[in-house]
Amino acid sequence: MEIKAEVRQFIAENVLLGVHQTTIEDATPLVTGGLIDSIGLVGLVAFLEKRFAVEFVPREIDVHSVDTLEQIEELIRKKLAGRKVDTAGGGQQI
Amino acid sequence: MNVRIAAAAYAVPSDGETVEAVLALERDRVEATLAPLSPQARLKAAEGLGLSRVRVCGARQPYDLVLEAASTAMAEAGITAQDLNLILDYSTFPGENSQYLSFAHKLSADLGAETSLNLGFKSGGCGALHLAIKTALGWMSTDESIRSALLVTGDTAPQGSRSLLPVTVQGDAASAVILTREGTGGALLLGVEAMTLGHLHDAIALVKTNGHLEIKVDAACMENEVMPVYYLNLFWLVQKVLAASSLSLSDIDHFIYSNISQRDREGFRRMVGLREGGLPATPMAEYGHTFASDLVINYVHMRREGRILPGQLLLFASAGIGFTWGVTLARA
């Protein structure tokens, strides 16, 4: 799964409104750089939750966890890994 | 539990100042607060406020306003002081010279509510109404003898601290809400959600400078730490309170949001997906931002104008210092 590519495309098409995806590098600061505002972040998090079937709780998201594509990918991978651990743990309990 | 907002009222002082005059008077403090921001952010700080004037206590004290608002709310609810089982004061800025343990205790004595349980807590600024409702519901759900609760807040900016730029400019006001578990009148509470993030407690803080209290805004923290998650956290709470009642945003008839600034209201409008102009007009231009009284003021105005009809769904939302987010859902 190419997380960064999918998120880059979503941001370019839905948040930045017309900015071509090649202008968003992996380390481009999205929030602190002013590319995504507070409302844009609402849409981005909703996309992440739906596309990658993960669920965030409020304290998980701050400006340091979703400021770049790299950070977003790391966040998603951690969530997916945690989900697998949870699933495995549940299986053992049964 | 069947608990309703039996009445709501507010009181504002008659004296006022223009926002322009406030910002001119506090120019040095404003410039120092905004100094860490970029030149562009500094320019934007005072744009889009939508606030023209603020009311100021002058010779009156916040407690005088609280007493007025409480008396009006009790008359509207048709209850006497003896009917009050709980008085809860959730003022954030009750006045530097307030001599009372809490407004609740003083109100209890002045109203003659001799048997009321009197409590006070300070939390949440604009978001404190939700915390107060949730606290009252907790008491009501664990103590059957508490059938009516009076929730009050009275707030005044410390001298020379009306500007909270880049956020808002504060006016003085008080408000009162009466919750009852009897009767059929008033909006039925369906759910309340609140959250706080303690690591953001310094974003807007009270500090003592030269022996006087001052509201200190950490503009960089507001811009870089609070604002990125401001609507996200609010949105989460909205979704949570709606999901608990099997409702969605499209079911809501009226969104009742705070008067921090017009640009903040615009952000909330976008967050909930309302059309441009979809949020009702409020008296914010005349009163300024009045912390937790904003929601009560806006609710009272909507009712006075006949915009709220029986059966309609109301969603109250606000966020404030602490940092605190809150949402309350009710059916009129």
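So, how was this worked out
Residues numbered from 1 in each chain as written. Chains lettered and ligands numbered in written order. Predicted model: local features only at pLDDT ≥ 70, side-chain atom pairs only at ≥ 80, totals over all residues. Helix = DSSP H or I, 4+ residues; strand = E, 2+ residues; numbered from the N terminus. Buried ≥ 20, exposed ≤ 12 C-beta atoms within 10 Å, placed from the backbone. Contact = placed C-beta atoms within 7 Å. Rg over C-alpha atoms; globule rule 2.2 N^0.38 Å. Expected span 1.5 Å × (residues − 1). pLDDT = per-residue confidence, 0-100. Core = buried A, V, L, I, M, F, W, Y, C linked by C-beta atoms within 7 Å. Axes fitted to C-alpha atoms, helices over the stretch in contact; angles between N-to-C directions. Parallel < 35°, antiparallel > 145°, perpendicular 65-115°, else oblique. Left-handed = near helix turned anticlockwise from the far one by under 90°. Nonpolar A, V, L, I, M, F, W, Y, C, P; charged D, E, K, R; others polar. Pairing = 2+ DSSP bridges. Arc of directions from axis to C-beta.

**Quick notes on the overall build of chain A**
So, point 1. Helix and strand counts for chain A come out as three helices and zero strands.
So, point 2. If you list the helices and strands of chain A from N to C, you get α-α-α.
So, point 3. Expressed as a percentage of the 94 residues in chain A, the buried residues total 23%.
So, point 4. Restricting to contacts in chain A with at least 6 residues of sequence separation, those with at least 24 account for 60%.

**Details of the overall build of chain B**
So, point 1. What chain B contains, in helices and strands, is 10 helices and 13 strands.
So, point 2. Compactness check: chain B gives a C-alpha radius of gyration of 19 Å against a globular reference of 20 Å for 332 residues, within 12% of the reference.
So, point 3. With the C-alpha coordinates of chain B rotated into their principal frame, the extents come out at 55 × 45 × 35 Å.
So, point 4. In chain B, which comprises 332 residues, the share counted as buried stands at 53%.

**Description of helix H4 (residues 62-77) of chain B**
Residues and elements named next belong to chain B.
So, point 1. In a regular helix each residue adds 1.5 Å, so 16 residues correspond to 22 Å; H4 covers 22 Å between its end C-alpha atoms and thus fits that length.
So, point 2. Looking only at H4, the buried set comprises Pro 62, Tyr 63, Leu 65, Val 66, Leu 67, Ala 69, Ala 70, Ala 73, Met 74 and Ala 77.
So, point 3. Buried positions along H4 lie against strand E1 (4-11), helix H5 (103-111), strand E6 (148-155) and strand E7 (173-180).

**Observations concerning the confidence of the model for chain A**
So, point 1. On average, residues of chain A score 83 in pLDDT, and 81% of them reach the 70 mark or higher.
So, point 2. Contacts of residues 90-94 of chain A to residues separated by more than four positions or lying in other chains number zero contacts, the stretch itself having pLDDT below 50.

**Things to note about unusual backbone geometry**
So, point 1. With an omega of 15 degrees, the peptide bond between Leu 165 of chain B and Pro 166 of chain B qualifies as cis.
So, point 2. With respect to the helices and strands, Pro 166 of chain B occurs in the loop between E6 and E7.
So, point 3. That bond from Gly 322 of chain B to Phe 323 of chain B is cis: its omega, -5 degrees, falls within 30 degrees of zero.
So, point 4. Note that Phe 323 of chain B resides in the loop between strand E12 (313-320) and strand E13 (324-331).
So, point 5. A positive phi angle, near 50 degrees, is found at Ala 53 of chain A, a position not held by glycine.

**Describing the nonpolar core**
So, point 1. The biggest cluster of nonpolar side chains holds 130 residues, and the ones touching the most others in it are Ala 69, Ala 73, Leu 151 and Ile 178 of chain B.
So, point 2. Examining the composition of this core, we find that 15 residues originate from one element, helix H7 (residues 219-244) of chain B, more than from any other.

**Remarks on the packing of H4 of chain B against H5 of chain B**
Residue and element names in this part refer to chain B.
So, point 1. Where H4 contacts H5, the axes come no closer than 11 Å and their chain directions differ by 55 degrees. With respect to H5, the axis of H4 lies oblique. Seen from above, H4 lies across H5 with right-handed handedness. Residues Tyr 63, Val 66, Leu 67 and Ala 70 of H4 lie in contact with H5, whose contacting residues are Phe 103, Lys 106, Leu 107, Asp 110 and Leu 111.
So, point 2. A breakdown of the residues in the contact of H4 with H5 according to their chemical character gives seven nonpolar, no polar and two charged.

**Considering the sheet that holds E12 of chain B**
All names here are of chain B.
So, point 1. The sheet built from nine strands is open, its strands ordered E5-E4-E6-E7-E1-E8-E13-E12-E11 with mixed pairing. Strands with a single pairing partner mark the edges of an open sheet, and in this sheet they are strand E5 (117-120) and strand E11 (254-257). Here the strands of the sheet are splayed against their neighbours by 20 degrees on average, with no regard to which way each runs.
So, point 2. Pairing analysis gives eight bridges linking E12 to E13, with the strands arranged antiparallel. Within E13, the residue paired with Ala 319 across the bridge is Trp 325.

**Notes on the environment of Lys 208 of chain B**
Residues and elements named next belong to chain B.
So, point 1. If you trace the backbone, Lys 208 turns up in strand E9 (residues 204-209).
So, point 2. The exposure class of Lys 208 is exposed, given the 10 C-beta atoms found within 10 Å.
So, point 3. Along the chain, Lys 208 and Thr 328 lie 120 residues apart, while their C-alpha atoms are 34 Å from each other.

**Let's talk about helix H1 (residues 3-15) of chain A**
Residues and elements named next belong to chain A.
So, point 1. In this model H1 runs 17 Å from its N-terminal to its C-terminal C-alpha over 13 residues, within 8% of the 18 Å that 1.5 Å per residue would give.
So, point 2. Where H1 is concerned, the buried positions are Val 7, Arg 8, Ile 11 and Val 15. Down the axis, H1 shows its buried residues gathered within 105 degrees of arc, on one side only. Across H1 from its buried face, at more than 90 degrees, point the exposed residues Ala 5, Glu 13 and Asn 14.

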